[in-house]
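# A look at the structure
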Amino acid sequence: MTTAARRELRAFWLGRAAYEPVHALQHQLQEARKAGRITDTVLFVEHEPTITLGRGATADHLIRVLRAEPGMEADVVAGGHVFHAEVAAVSSDEVRFNLVAEVQADPALPVTLVVAVYKFDHMEWAIEKATELGVAAMAPVIAQRTEKHLAQAAEKRAERWRRIANEAAQQSRRSDVPVIHNPTLLASHVRAASEMTRIVLAEQERTTTLRRLIEEAVEAAGEEMPALEIAIGPEGGWAPAEEALFDANGWRAVSLGPRILRAETAAIAALAVVASALE
Ligand code: SAM
């Protein structure tokens, strides 16, 4: 089997249907932990619980493209957990796995990116990268400078954005998939009530940097991890009325530095700053 195929075999999703055996496994995990029978992330149980990947695109891909066979190893994501597993059996439309050990998966960053809708291909690149970087959720918003045809097409495009997040989560071995909200009008999102620390990336801001504001939020949150909402403008930037709206609703304007970044670059830069401050 080629290295590429082995790498691809390493990560895939299992549907809710396969969740139940995992639930039983979690129960065993808790019992075994209480009884001190397991160390941190490595678990060997008496009989190896199995889960089955039933008829569907992923099973098809495994069987017909990756030519899965018993004994091959893989990482399996199920019920919000990542497991190291081994193929136990392959039939014409099903692949059965033995779950060997639970693998520690890093929790998502407590960040919701509020993204003003802009060119779809650039935006979709940002969704993929933000998922890899651990974003918890993304909220597409229609801003004043969002091009009309994109504003009209955004609603229909949301399913595709969710597929992109799903695939990127799989590739980056996340145990969860970021939530992609339905597109809304910027004003209603800005005015909506929220417990989160609300931040707007503003290229003309000169005093407060994102890093500084996160340090403040961490201090204020004490033990807890501060939940952050970070808004990123469209290609043309925020309109003056929108900047005033953010300000009037308690959003803090921050700078990512002196250079003007494309919206997708600003999204990645902001997540990198958050990750370096929180992780
Ligand atoms: N209107 C700007 C221009 O053409 O001068 C460019 C907007 S920029 C392409 C898109 C968005 O990225 C901005 O609205 C802002 O949210 C964010 N952004 C880009 N560079 C930034 C910076 N240096 N500091 C803070 N935010 C930035």
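Below is a summary of the structure that appears in this document. Just so we're clear, the structure is a prediction, and the values are computed from it rather than from any experiment.

Definitions and limits used
- Residues numbered from 1 in each chain as written.
- Predicted model: local features only at pLDDT ≥ 70, side-chain atom pairs only at ≥ 80, totals over all residues.
- Heavy atoms only, no water.
- Helix = DSSP H or I, 4+ residues; strand = E, 2+ residues; numbered from the N terminus.
- Buried < 20%, exposed > 50% of the residue type's maximum accessible area, 1.4 Å probe, protein only.
- Contact = heavy atoms within 4.5 Å.
- Areas by Shrake-Rupley, 256 points an atom, 1.4 Å probe, with all protein chains shown as cover.
- Near = heavy atom within 4 Å.
- Polar contact = N/O pair within 3.5 Å; in protein donor to acceptor, adjacent residues only side chain to side chain.
- Nonpolar A, V, L, I, M, F, W, Y, C, P; charged D, E, K, R; others polar.
- Expected span 1.5 Å × (residues − 1).
- Salt bridge = Lys/Arg side-chain N within 4 Å of Asp/Glu carboxyl O.
- Phe/Tyr/Trp six-rings, centres within 6.5 Å; stacked < 30°, edge-to-face > 60°.

Moving on, we come to the overall build of the protein chain. For the protein chain, the helix and strand inventory stands at nine helices and 12 strands. Counting only residues that meet the buried cut, the protein chain has 43% of its 279 residues in that class. Taking the contacts inside the protein chain whose residues are at least 6 apart along the sequence as the reference set, 75% of them involve residues at least 24 apart. Summed over all atoms, the accessible surface of the protein chain reaches about 14,600 Å², with 52% contributed by carbon and sulfur.

Another point: the site of the ligand. Lining the immediate surroundings of the ligand are 20 residues, of which L201, L256, G257, R259 and L261 lie closest. The contact in question runs from a nitrogen atom of the ligand to an N or O atom on the backbone of G236, over 3.1 Å. L256 has a polar backbone atom sitting 2.8 Å from a nitrogen atom of the ligand. In the complex, the protein chains occlude 85% of the 570 Å² of accessible area that the ligand would expose alone. Of the residues contributing to the shell around the ligand, the split by class is 11 nonpolar, five polar and four charged.

Taking 1.5 Å as the rise per residue, helix α9 (residues 263-278) with 16 residues should run 22 Å; its terminal C-alpha atoms sit 23 Å apart, in good agreement. Among all positions in α9, only A263, E264, A266, A267, I268, A270, L271, V274, A275 and L278 are buried. Elements that come into contact with the buried residues of α9 comprise β6 (111-116), α4 (120-132), β10 (197-201), α7 (210-221) and β11 (228-232).

What follows covers the environment of V77. By secondary structure assignment, the location of V77 is in strand β3 (residues 73-78). For V77, a relative accessible area of 4% translates into the label buried. Between the alpha carbons of V77 and E102 there is a distance of 9.7 Å; along the sequence they are 25 residues apart.

So, about the pattern of salt bridges. Counted by the stated rule, this structure contains 12 salt bridges. Ionic pairing is found between K129 and E128, a salt bridge with its closest N-O pair at 2.8 Å. Residue K129 is classed as partly exposed on the basis of its relative accessible area of 21%. Close ionic contact of E132 with K129 constitutes a salt bridge, the shortest N to O distance being 3.4 Å.

Time to look at the side chain of E124. In this structure, E124 sits in helix α4. A distance of 2.6 Å separates a polar atom in the side chain of E124 from a polar atom in the side chain of R157.

Per the counting criterion, the structure on display carries three aromatic pairs. A centroid spacing of 5.7 Å and a plane angle of 75° characterise the contact between F120 and W161, whose relative ring orientation is edge-to-face. Residue F120 is found in helix α4, and its partner W161 is found in helix α5 (residues 148-171); the two are separated by 41 residues along the sequence. With respect to class, F120 is no different from W161; both count as buried. Where F246 meets W251, the ring centres are 5.2 Å apart and the plane angle is 70°; that geometry is what we call edge-to-face.

What follows deals with unusual backbone geometry. At R67, a residue that is not glycine, the phi angle is positive and equals roughly 50°. The residue R67 is located in the loop between α3 (57-65) and β3 in this model. We classify R67 as exposed; its relative accessible area is 58%.

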